[in-house]
Amino acid sequence: MFVHNFKYSLKALFRNKTLIFWTLMFPIILGTFFKMAFSNVTSSEAFKAINFAVVEDDNFKNDEVFVTVIKELSDEDGDNRIFDTTYVENEDEAKELLVDGKIDGYLVMPDKKDDTPGVTFINNGINQTIIKNVVEEIALNEKIGNEIGETIVKDEMAKGNFNIDIDGIYEKVMEKMSDETNLLDKSANKLDYSMIEFYTLIAMTCIYGGMLSIASINNSLANISQKGKRVSVAPTRKLVTVLSSLLASYVIQLVGLALLFVYTIFALNIDYGDNIAKVILLGAVGSLAGLAMGLFVGTVFKAGENAKTGILIAITMFFCNFAGMFGITMKYITDTKMPWLTKINPVGLITDGLYALYYYNTTDRFSADIINLIILTLVLTAVSFFSIRRRRYDSI
Amino acid sequence: MTVFKTFLRILNKNKMIIMLYTGILLGFGALNSRTTSQDMNFSDTKPALAIINDDKDGELAKDLVRYLDEHGELTEYDLDLSDSDDSKVVDDALFYRQIHYLVYIPKDFTARFMAGDDVKLTTKSTGDFKAELSKMLVERYMKTANTYKNLDVTDAGELVEKIDKNIDITADATITSKLDTEALELAGVYFNFESYSILACLIYVICIVMSVFNTKKIKDRTNISSMDFKKHNTILLLCNCMYSVVAWAFYFAFGYVLFGKTIISTHGMLFAFNSFLFTICAATIAFFIGSIVSNKDAIGGIVNVVSLGSSFLCGAFVPATWLPDGVLAIAHALPTYYYINANDRIKQMETFDMTSLKPVFIDMGIVMAFALAFVIMTNVVSAKKRRA
């Protein structure tokens, strides 16, 4: 009986086009949209040379420090490149470039050497702040260099040496001016936060799988469907029909998830880290959580199939929000300020498990997520079974 | 009246879905709105960075913290980086871009630095513009410290004094724009996102209404009733138009609640006019889809694919400037692209003369051309259906 019902449940579910669209097709379509929209986000935010202009008048040409340093910072082959610099003859040309959006700002050197250099922007912003900072740093170095030079000259003169060797002083100044920053960079190399979008997509697909268990459980509930009435009067144990239907929906869920994994890995180049066995384990447990979620909604809420599916979608989207699907900051806030919500949020747990496998070398966080998911699944399943066991109808 | 009443009844039945799409827009709008105050002076953008200071008594360390706090949004963590749970706190914050740069000052940093040891500040960076700015601040401080140390300053207190005296040279920064660019940017983001809600709400409702009225039983009853077929269709069309205008007005009103005076300006009026034209176009798209789809179960899927697809591809969710060229090339075939393009132009407008308005009007014209094309296609499809 188990095999018989399993086979027909499988057939019935596969023929339900709406269900197959939402559980199998929609995640793939949404994943494609995500890829199209997010593939450039990280590279757009990565630091690149800033478009900048310099008014190359006599004031600028006479300031050797600025001329040299800006040339070095604009060198395309150099390691220190910060600017993509355009040299213009007068301020009007620079203004035109600024208004046309070709540069973020421009530099005008002051008439008097001791005055501060002037930078002009259209508005405030990060690129503008960087330009201002760099100009300030050059001015600072120039000032300190002059100070050192003056001290050396004074010292020489105090020693009675009035024959000043300019090149010698320059060399001494350069010796004292330090380039040492005492920094040791230990940045992580996997920092692509757009991955979170795809992880929430996997998690959403797992929980959307609950639609399948709703559909199959409805076929066993006498108060919901005609099929349910027939199944109820059949001389089979309810546990057998329910379990075989649920197994059929779980199989379809896994097929859908496998398709999505294959598609995201090979067509969309999504990085799930190096531990693919653990990713599969998480997918299987996550799908089970989705199945339990569908079972819970299907048995606890007394409503038609469409309403139940609507409730499941609403709950899933609510959870997706806190898992970071509509902005990763929400996931961070939930994880740090309301960790209890992540612990009862299956979408959040699956997303976090995938994130842990991608970003961290250790598996403690992943294991905690899996254990929480299993507990959640057991609780939801227990509630559902208590809700449908021993249900009898005299008339319906 | 019967038609209008039925229309309202269908609307009422589907209120949850309408509220959902509207709620998404309102939630998104509210999250993105913040009070902005643009004065005409330049103000530095302060990057979010974090520091872990294990040299709490060291003067140089203390001064570095002070300097970074002055120039950035500094978070000071009291964590042990060798502990895996503690280091996850900062790693998470970096991954989710809550901080862009982390500086770790090791124990006895000041003493070892003054003694001439090769002592390092460990850093972690997100590699973006804000991280680069944070790095520049730390580098500027440390280079200055090293230079003064090379000048034989041996006391940490004296070194800090010299650094503080000199490090804050400020360039003379001016900004030319008279616009409150930040507020306009946020309003632009809101109106771009609105394209999603308008498309989703309109396609969903108009398709449902049309599928109900096109159900065979109901259609047959309408056909044999005394009501004129044309009158019936006109009322239905007016109902849908009224619904579209109400939806548009509601979204605009909410925009006013969020952005206030930014909306009541020439910029705001242009945004409103642009979104009104887009609403008309969305209604014609909805009519077209409604005329070719008769299966009620398929509507949910179509609404999501069309609205999410055009929003992702055209830059309603992610700024169009960040989209790959291939995606933008496809987006050119969709009306949403021109609507968003017009919004992006409007928010940058300094003056309203013919030269600056012309490209906006061209975009608006293209949106209307799409609307016209959908009307023609709808007519062709329904004429074919009637004959069949």
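This structure is a prediction, so every number in the text was calculated from the model and none was measured.

Notes on the nonpolar core
Grouped together as the largest cluster of nonpolar side chains are 202 residues, with contacts concentrated most on Tyr106(A), Leu354(A), Leu202(B), Ile203(B), Ile206(B) and Ala286(B). Of all the elements, helix α8 (residues 181-214) of chain B adds the most residues to this core, at 21 residues. Aside from chain neighbours lying at most four places away, what touches Ile203(B) is Ile285(B), Ala286(B), Ile289(B), Val303(B), Val306(B) and Ser307(B).

A few points about the sheet that holds strand β3 (residues 101-105) of chain B
Across the sheet, which stays open at both edges, the five strands sit in the order β5(A)-β4(B)-β3(B)-β1(B)-β2(B) with mixed pairing between neighbours. A single partner strand is all that each edge strand has here, and the edge strands are β5 (183-185) of chain A together with β2 (73-77) of chain B. Strand-to-strand, the axes of this sheet are offset by a mean angle of 25 degrees, without reference to chain direction. Two elements, β5(A) and strand β4 (residues 121-125) of chain B, share three bridges in a ladder whose sense is parallel.

Considerations on the domain arrangement of chain A
Domain boundaries assigned for chain A yield domain 1 (2-39 + 194-388) and domain 2 (47-176). Relative placement of domain 1 of chain A and domain 2 of chain A: their C-alpha centres are 59 Å apart.

A word on the packing of helix α9 (residues 195-208) of chain A against helix α12 (residues 238-267) of chain A
Residues and elements named next belong to chain A. At a minimum axis distance of 10 Å, the contact between α9 and α12 shows a crossing angle of 165 degrees. What the angle tells us is that α9 and α12 run roughly antiparallel. In this structure, α9 crosses over α12, and the sense of that crossing is right-handed. Contact residues: α9 offers Phe198, Ile202, Thr205 and Cys206, while α12 offers Gly256, Leu257, Leu260 and Thr264. Split into classes, the residues belonging to the contact of α9 with α12 amount to five nonpolar, three polar and no charged.

Some thoughts on the pairing of β3(B)
Residues and elements named next belong to chain B. For β3, the buried fraction is high: five of the five residues fall into the buried class. Side chains of β3 alternate between two faces, with Tyr101, Val103 and Ile105 and Leu102 and Tyr104 buried alike. One ladder, built from five bridges, connects strand β1 (residues 48-53) with β3; its direction is parallel. By the bridge assignment for β3, alanine 50 is matched with leucine 102. Judged from the four bridges that link them, β3 and β4 form a sheet pairing that is antiparallel.

The rules behind each value
Numbers given for residues are sequential positions, taken from 1 along each chain in its written order. Starting at A for chains and at 1 for ligands, labels are handed out in the order in which the entities are written. Predicted model: local features are reported for residues with pLDDT of at least 70 only, side-chain atom pairs are reported and counted for 80 or more only, and whole-chain, interface and lining totals are derived from all residues. By definition, a nonpolar core groups buried Ala, Val, Leu, Ile, Met, Phe, Trp, Tyr and Cys residues that connect through C-beta atoms lying within 7 Å of each other. Partly exposed residues are those whose C-beta has more than 12 but fewer than 20 other C-beta atoms within 10 Å; 20 or more makes a residue buried and 12 or fewer makes it exposed, with C-beta atoms placed from the backbone. Counting from the N terminus, the helices are the DSSP runs of H or I reaching at least four residues and the strands are the DSSP runs of E reaching at least two. Residues are scored as being in contact if the C-beta atoms we place from backbone atoms lie within 7 Å. In this analysis, strands are considered paired if DSSP registers two or more bridges between them. In this analysis an axis means a line fitted to C-alpha atoms, helices contributing only their contacting stretch, and an angle means the value between N-to-C directions, from 0 to 180 degrees. What fixes the domain bounds is an automatic or database domain assignment. Orientation is classified from the angle alone, with under 35 degrees giving roughly parallel, over 145 giving roughly antiparallel, 65 to 115 giving roughly perpendicular, and any other angle giving oblique. With the far helix as reference, a near helix turned anticlockwise by less than a right angle produces a left-handed crossing, and one turned clockwise produces a right-handed crossing. Three categories are distinguished: nonpolar for Ala, Val, Leu, Ile, Met, Phe, Trp, Tyr, Cys and Pro, charged for Asp, Glu, Lys and Arg, and polar for the others, with Gly belonging to the last.

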